[in-house]
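Descriptive analysis of the structure
If you want the building blocks of each chain, they are given just below.
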Amino acid sequence: MKSAFPFLLLSFVLLLTNCGENDIQLPDQVLVGKVEGKDWELKFGNAFIFSSDLKYQIKFLSTQESAQDPCAVPNTGNNHISMIMPLQRGSFSIPLPIVSESARFHYSDGSSAIATSGFLEIFDIDNLRIFGYLQAQLDDDNTVEGSFEVLICN
């Protein structure tokens, strides 16, 4: 038993020193990328109640918006990204289980396309704000990645 103690102690120390090495390291950048083949950068985001089951439509709006208040832009003709989901912390794969609610690229001509891969991480919901990270991809002309802060408008 005495000869096993140093081995167990060493194993325990190695286990403790390796804890946390599997954490995902996300880049510290605001949500940026391309939408409809054009450079796109997040200005702000908003969230409005969408359905009676307390799902919200979240819109990520670009620097093309002239408004200063995200809640003043419930609709836009500019390129943007949206998704529908309940307000809850967690990690989600894209497309979401209900594909029609998944991350969607909206184009200036009124058409849209659903992202086919990526992930959404909601870190916190605090003081009417949602903090998270989004990676959404459809193709080379429609891909965004980065952190965001969204204002809950109602």
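Residues numbered from 1 in each chain as written. Predicted model: local features only at pLDDT ≥ 70, side-chain atom pairs only at ≥ 80, totals over all residues. Heavy atoms only, no water.

What about the overall build of the protein?
From N to C terminus, the protein includes one helix and ten strands. Scanning the protein from its N terminus toward the C terminus, one meets helices and strands in the order α-β-β-β-β-β-β-β-β-β-β. Counting all 154 residues of the protein, 34% fall into the buried class. Per element, the accessible surface of the protein, about 9,000 Å² overall, is 55% carbon and sulfur. (Helix = DSSP H or I, 4+ residues; strand = E, 2+ residues; numbered from the N terminus. Buried < 20%, exposed > 50% of the residue type's maximum accessible area, 1.4 Å probe, protein only. Areas by Shrake-Rupley, 256 points an atom, 1.4 Å probe, with all protein chains shown as cover.)

A look at the nonpolar core
Grouped together as the largest cluster of nonpolar side chains are 28 residues, with contacts concentrated most on Phe60, Met83, Leu120, Leu134, Val144 and Phe148. Mapped onto this core, the elements with two or more residues apiece are strand S2 (38-49), strand S3 (55-62), strand S4 (80-86), strand S5 (90-94), strand S8 (117-126), strand S9 (129-139) and strand S10 (142-152). By residue number, the principal contributor to this core is S10, which donates four residues. (Core = buried A, V, L, I, M, F, W, Y, C linked by side-chain atoms within 4.5 Å.)

Observations concerning the side chain of serine 62
Summarising the element assignment, serine 62 is placed in strand S3. Each residue touching serine 62, except ones within four places of it in the same chain, is listed here: Trp40, Glu41, Leu42, Lys43 and Asn79. (Contact = heavy atoms within 4.5 Å.)

Considerations on the side chain of glutamate 65
Inspection of the secondary structure puts glutamate 65 in the loop between S3 and S4. Despite its burial, glutamate 65 pairs with no opposite charge, the nearest such side chain being lysine 43 at 7.3 Å. Those residues in contact with glutamate 65 that lie beyond four places of it in its chain are Lys43, Phe44, Val73, Thr76 and Asn78. (Lys, Arg positive; Asp, Glu negative; His and termini not counted. Salt bridge = Lys/Arg side-chain N within 4 Å of Asp/Glu carboxyl O.)

What to know about unusual backbone geometry
Between isoleucine 94 and proline 95 the backbone carries a cis peptide bond, its omega angle lying at 5°. Looking at where proline 95 falls in the secondary structure, it is placed in the loop between S5 and strand S6 (104-106). One non-glycine residue, asparagine 127, adopts positive backbone phi at about 55°.

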